[in-house]
Amino acid sequence: MLTVGEVHTSLLQHSTALTQEQSSEVLSLVEGEAVLTSRRPSLYAVSPDVRTGVDCWLPSAKKRQLRGVGAVVTRAVVTGGRIAQASSIVQVVAGERRRPWSHYLASPGVLETVGKLDVEDLAGGFRLGNAADVLNLEAITARVLDGVQMNELLDRRPPLRAPRTRMRWTAKIHERPDVASAVVTLDTPTLRTVELVVGPQDVPAVVAGLCEDLALHDWLLTTLSALMELAVTRAVSTREHIERLRPVIEHLRHLWLPGARVDPRLRPVWDQLEQVPGFSRQWNSLVNWIRDQITVGNLALLRDLADQVAVGQPGLR
């Protein structure tokens, strides 16, 4: 048995943070089903599950042909009224033969193989990427996030430009209940792959919650790193430099809460990542750099203003 998933993360295309009620409206993706919300430790809203039936070949590191049938479950999340995510998950189990669709739809989030399942081969193939003719969680996840971003409530005027990131993950079950580990690989500037090992008690929804939290904080780091790189490689006026960096302090800094919504059994994974590579150390370093840049820039603007006043009114010297 293997659980696989993908998380896409982006800045909501709106000029201000959404209220809890607005987040619920944006996430009403399934008619008649409720949006779940929370206000602690920050505003948080989760859409009902969107189910997508699939009957396709499965990824294979060895280029084997193995068919899978079932229903992928995708949900959308809005954190702090600012960050939107879409998260797809499916648990792959060994099956024997093709069954009627009613059988598969009765177990959403489960994909049965039509043939022998090789967990290592499937996990390796999934992390390598999605070919056009195999299970494509990227397309399923992107469609749900696009639907959120196209909601008529959003004004399409975000306070800063930020990339959309993707996190593709696999989770294998270890027989020991106290085992939890993650290997995170930065494949491209916007794609990460995560290889998880979890205990038998860690249900797929709990594992998906961990991956959503990892993806959220990775997106925050990626966004700040991109802004810093842009700031140090382009010559602009002091005022423009400040205006480019200021939205980070106003809109994103308070959203850094690693592990706040992760099941306690999986928090050791965050503890490992806080040691190497040290997510919070990186975040604090970037935030401090941005804050210093804004402070120095403001002082320079005040000095220039004082010089202008002094030149215009010599008697004030």
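Presented here is a report on the structure given in the accompanying data block.

Calculation notes
- Note that residues are indexed from 1 along each chain, following the sequence as it is written.
- For a predicted model such as this one, the threshold for reporting local features is a pLDDT of at least 70, and the threshold for listing and counting side-chain atom pairs is 80 or more; totals across whole chains, interfaces and linings nevertheless cover every residue.
- By convention in this description, side-chain values take in all heavy atoms of the structure and omit both hydrogens and water.
- Segments assigned H or I by DSSP are reported as helices when at least four residues long, segments assigned E as strands when at least two residues long, and all are numbered from the N terminus.
- Helix span, expected: 1.5 Å multiplied by one less than the number of residues in the helix.
- Any residue under 20% of the maximum accessible area for its type is buried, any over 50% is exposed, and the rest in between are partly exposed; the area is computed with a 1.4 Å probe on protein chains only.
- Stacked, tilted and edge-to-face are the three classes applied to pairs of Phe, Tyr and Trp rings, where Trp contributes its six-membered ring and a pair requires centres within 6.5 Å; stacked means planes under 30 degrees apart, edge-to-face means over 60, and tilted covers the rest.
- Any Lys or Arg side-chain nitrogen found within 4 Å of a carboxyl oxygen on Asp or Glu counts as a salt bridge.

## A short note on helix 5 (residues 204-233)
The end-to-end C-alpha distance of helix 5 is 43 Å, a good match for the 44 Å that 30 residues give at a rise of 1.5 Å each. Burial analysis of helix 5 places 21 of its 30 residues in the buried class, which makes it a mostly covered element.

## Some points on the packing of aromatic side chains
With the rule as written, the count across this model stands at three aromatic pairs. Pairing W101 with Y104 gives two aromatic rings, centres 5.9 Å apart and planes at 75°, and the pair type is edge-to-face. Taken as a pair, W101 and Y104 lie in helix 2 (residues 101-105) at a separation of three residues, close to a single helical turn. For W101, a relative accessible area of 34% translates into the label partly exposed. Y104 gets classed as buried once you look at its relative accessible area, which sits at 3%. Seen in terms of ring centroids, W270 and F279 are 5.5 Å apart; in terms of plane orientation they differ by 85°. Their pairing is edge-to-face.

## Quick look at the pattern of salt bridges
Summed over all chains, the structure comprises 18 salt bridges. Note that D121 is salt-bridged to R64, the shortest N-O span being 3.6 Å. One end of the pair, D121, is in helix 3 (residues 119-128); the other, R64, is in the loop between strand 4 (50-57) and strand 5 (67-79), with 57 residues separating them in the sequence. Taking the shortest distance from any N to any O, the salt bridge between R166 and E138 comes out at 3.2 Å. With R166 in strand 8 (residues 165-173) and E138 in helix 4 (residues 137-149), this residue pair connects regions lying 28 residues apart in the sequence. Residues participating in the shared-partner salt-bridge network are E6, E138, R166 and R168.

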